[in-house]
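# Chains, contacts and geometry: an overview
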Amino acid sequence: MLANKTALVTGSTSGIGLGIAKALARQGANIVLNGFGDAEAPKAEIAALGVKVAYHGADMSKPAEIEDMMKFAAAQFGQVDILVNNAGIQHVARVEDFPVEKWDAIIAINLSSAFHATRLALPAMRAANWGRIINVASVHGLVASAEKSAYVAAKHGVVGLTKVTALENATTGVTCNAICPGWVLTPLVQKQVDAKAAALGISNEDAKKQLLGEKEPSMQFTTPEELGELAVFFCSPAGANVRGVAWNMDGGWTAQ
Ligand code: NAD
C-alpha cells in the first residue's frame, strides 16, 4: 500500500517509534530512522522487511539538527510523505520540585520538535497533494496525572498542534492526526516500573500490575505493534478524511 512512499519516524531506535516504522515498512514504505543509541540493529530489522532504510541522528531538541534531518531525508528518497513525530522523554516530579532544565527539554523534544518537523515537511506534502502527519501524543494529551507537568503540558500541546495542522490542510490530501497510547511497556515506562518497585519494595511484576491497576482498566499494556497498525490505518485510503483526531489506544484509561 505504501510502496514508493517515504516515512520519517522520529525517535525510532526503540519502543513505539520502531514499532510504527516496522508497520509502515511492512506496507512498503522506505524508512528514515532517528533517535539515540544503537541504530544498526533497528536498521537491520527494517531492511529485513525489504525496503530502503536510512538513519539520521538529529537531536530533536535542536531546530538546526531537525532542519538538517529533513534535508537529509529528502536527499535520500525524494521527499517525506509520512512524518511520524514520536520522539519523547519523561520526567516525574511535583511542579515545585520540577528541574527547570527538564521542563525545557521535555517541551523541546515532546512538543517543539513536532512543530519544526511539521513546518519543514508540509511544503513538499502540499505540492504532492498527499501527506500524512502522525503525532504520537498520549492519554496525557487528553487527561492529566500528578507529577507529570511538563509531559502533560507538552502532550496537550501536541493534540492542539494536531488539530491546527489538520484544519490548515483540510482541503488538501494532507492529513494530521494524533495517537494517544495508554501504558506501553517501552524503556520510557520500564523506568517508572523500576522506580515504583524500588519505592515500594515490590517485584517488577507487581509494580507493573500496580501501574496498570491505577489507570488502565484492561490491565494490559498497549503494544508498539498495535500502535503501528493504527498509523497504517491513517495512511490508508480509508483514512483520507480522518482529520485532527486524538485517537486513544489506552485500554479504557480515558473512558473512566
Ligand atoms: P522510548 O524511550 O522507547 O523511545 C523514545 C525514542 O525517542 C528513542 O528512540 C530515543 O532515542 C528517542 N529520543 C529521545 N530523546 C531524543 C532526542 N532529543 N532526539 C532524538 N531522539 C530522541 O519511549 P517510547 O515509550 O517508545 O516513547 C515514544 C513516544 O511515545 C514518546 O513521545 C512518548 O511520550 C509516547 N508515549 C509513550 C507511552 C508509553 O507508555 N511508553 C505512552 C504514551 C505516549
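Only a predicted model underlies this, so the values are computations on that prediction, with no experimental measurement involved. Residue numbers restart at each chain and count upward from 1, following the sequence in its written direction. Given that this is a predicted model, residues contribute local features only at a pLDDT of at least 70 and side-chain atom pairs are listed and counted only at 80 or more, while totals for whole chains, interfaces and linings are drawn from all residues. Processing note: side-chain calculations cover all non-hydrogen atoms of the structure and skip hydrogens and water entirely.

### Concerning the overall build of the chain
Broken down by element type, the chain carries eight helices and seven strands. Throughout, radius of gyration means the C-alpha value; the globule benchmark is 2.2 Å times the number of residues raised to the power 0.38. Taken over C-alpha atoms, the radius of gyration comes to 18 Å for the chain, in line with the 18 Å a tight globule of 256 residues would show. Taken along its principal axes, the extent of the C-alpha atoms in the chain is 55 × 35 × 35 Å. Under the scheme applied here, a residue whose accessible area is under 20% of the maximum for its type counts as buried, over 50% as exposed, and between as partly exposed, the area being computed with a 1.4 Å probe on protein chains only. Within the chain, the proportion of its 256 residues that are buried is 50%. In the chain, the proportion of contacts linking residues at least 24 apart, taken out of those at least 6 apart, comes to 67%. Carbon and sulfur atoms form 56% of the exposed surface of the chain, whose accessible area is close to 10,900 Å². His residues and chain termini do not enter the charge count, which takes Lys and Arg as positive and Asp and Glu as negative. By convention, the point assigned to a charge is CZ for Arg, NZ for Lys, CD for Glu and CG for Asp. Counting 21 positive and 23 negative side-chain charges, the chain places the centres of these two groups 6 Å from one another. Strands are runs of DSSP state E lasting at least 2 residues, helices are runs of H or I lasting at least 4, and numbering of each runs from the N terminus. Contacts are residue-level and defined by heavy atoms, with any inter-residue pair within 4.5 Å sufficient. Values of accessible area rely on a 1.4 Å probe in the Shrake-Rupley scheme; residue burial ignores everything except the protein chains shown.

### Details of the environment of Ala23
Turning to its location among the elements, Ala23 is positioned in helix 1 (residues 15–26). Sequence separation between Ala23 and Lys62 is 39 residues; the distance between their C-alpha atoms is 28 Å. Ignoring anything within four residues of it in the chain, the contact list for Ala23 reads Gly228, Glu229 and Val232.

### Here we look at the environment of Ala207
In this structure, Ala207 sits in helix 7 (residues 204–215). The exposure class assigned to Ala207 is buried, which follows from its relative accessible area of 0%. Once residues lying within four places of it in the same chain are set aside, the contact partners of Ala207 are Val193, Lys196, Ala197 and Ile202.

### Considerations on helix 3 (residues 63–77)
Multiplying 1.5 Å by the helix residue count minus one yields the expected span of that helix. A rise of 1.5 Å per residue sets the reference length of helix 3, with its 15 residues, at 21 Å; its end C-alpha atoms lie 22 Å apart and thus fit the reference within 8%. Taken as a whole, helix 3 has its buried residues at Ile66, Met69, Met70, Ala73 and Phe77. What you see down the axis of helix 3 is that its buried residues fit within an arc of 100°, all on one side. Looking at helix 3, the residues exposed on the side facing more than 90 degrees away from the buried face are Ala64, Lys71 and Ala75. The arc in question is traced by the directions running from the helix axis to the C-beta atoms.

### What to know about the layout of surface pockets
Here a cavity is any set of points on a 1 Å grid over the protein atoms alone where a 1.4 Å probe fits but cannot get out, and a pocket is any open set with protein on both sides within 12 Å along at least 5 of 7 lines; a residue lines the site when it has an atom within 4 Å of a point. Grid points are joined across faces, edges and corners, and a volume is the space filled by probe spheres set on the points. Roughly 890 Å³ of volume is contained in the largest pocket. Asn86, Ala87, Gly88, Ile89 and Leu188 are, among the 41 residues lining the largest pocket, the residues nearest its centre. Where the lining of the largest pocket is concerned, the elements lending two or more residues are helix 1, helix 4 (100–128), helix 5 (149–168) and helix 6 (187–200). When residues in the lining of the largest pocket are grouped by element, the largest group, five residues, is from helix 6.

### Quick word on the site of the ligand
Ser14, Asn86, Tyr151, Val184 and Thr186 are the nearest of the 30 residues found near the ligand. Two N or O atoms count as a polar contact when they lie within 3.5 Å, although within protein this holds only if one can serve as hydrogen donor and the other as acceptor, and sequence-adjacent residues are included solely when both atoms are side-chain atoms. Here an oxygen atom of the ligand sits 2.7 Å away from a polar atom, N or O, in the side chain of Thr13. Residue Asn86 places a main-chain N or O atom 2.7 Å away from an oxygen atom belonging to the ligand. For the ligand, the accessible surface in isolation is 830 Å², of which the surrounding protein chains cover 93%. Any residue with a non-hydrogen atom lying within 4 Å of a molecule or strand is treated as near it.

### Some details on the pattern of salt bridges
Definition used for salt bridges: Asp or Glu carboxyl oxygen within 4 Å of a side-chain nitrogen of Lys or Arg. One pass over the full model with this rule turns up six salt bridges. Across the salt bridge formed by Asp59 and Lys62, the nearest N and O atoms sit 3.3 Å from each other. Among the residues examined, Asp59 registers a relative accessible area of 17% and is labelled buried. Of the residues examined, Lys62 reaches a relative accessible area of 39% and is grouped as partly exposed. For Glu67, the salt bridge identified is with Arg119, shortest N-O distance 3.5 Å. A residue pair is termed long-range when its members are at least 10 positions apart, and Glu67 in helix 3 and Arg119 in helix 4 qualify at 52 residues. For Arg119, a relative accessible area of 32% puts it in the partly exposed group.

### Topic: the packing of aromatic side chains
Each Phe, Tyr or Trp ring, with Trp reduced to its six-membered ring, pairs with another whose centre is within 6.5 Å; inter-plane angles below 30 degrees give stacked pairs, above 60 give edge-to-face pairs, and intermediate values give tilted ones. Applying the stated criterion across every chain, the model contains four aromatic pairs. Here the aromatic rings of Phe233 and Trp247 are separated by 5.8 Å at their centres, their planes lie at 65°, and the arrangement is edge-to-face. Taken as a pair, Phe233 in helix 8 (residues 224–235) and Trp247 in strand 7 (residues 246–249) lie far apart in primary sequence, 14 residues in all. Judged by its relative accessible area of 29%, Phe233 falls in the partly exposed class. Aromatic pair Phe234 and Trp247: ring centres 5.7 Å apart, planes at 75°, arrangement edge-to-face.

Geometric values such as these leave the question of function open.
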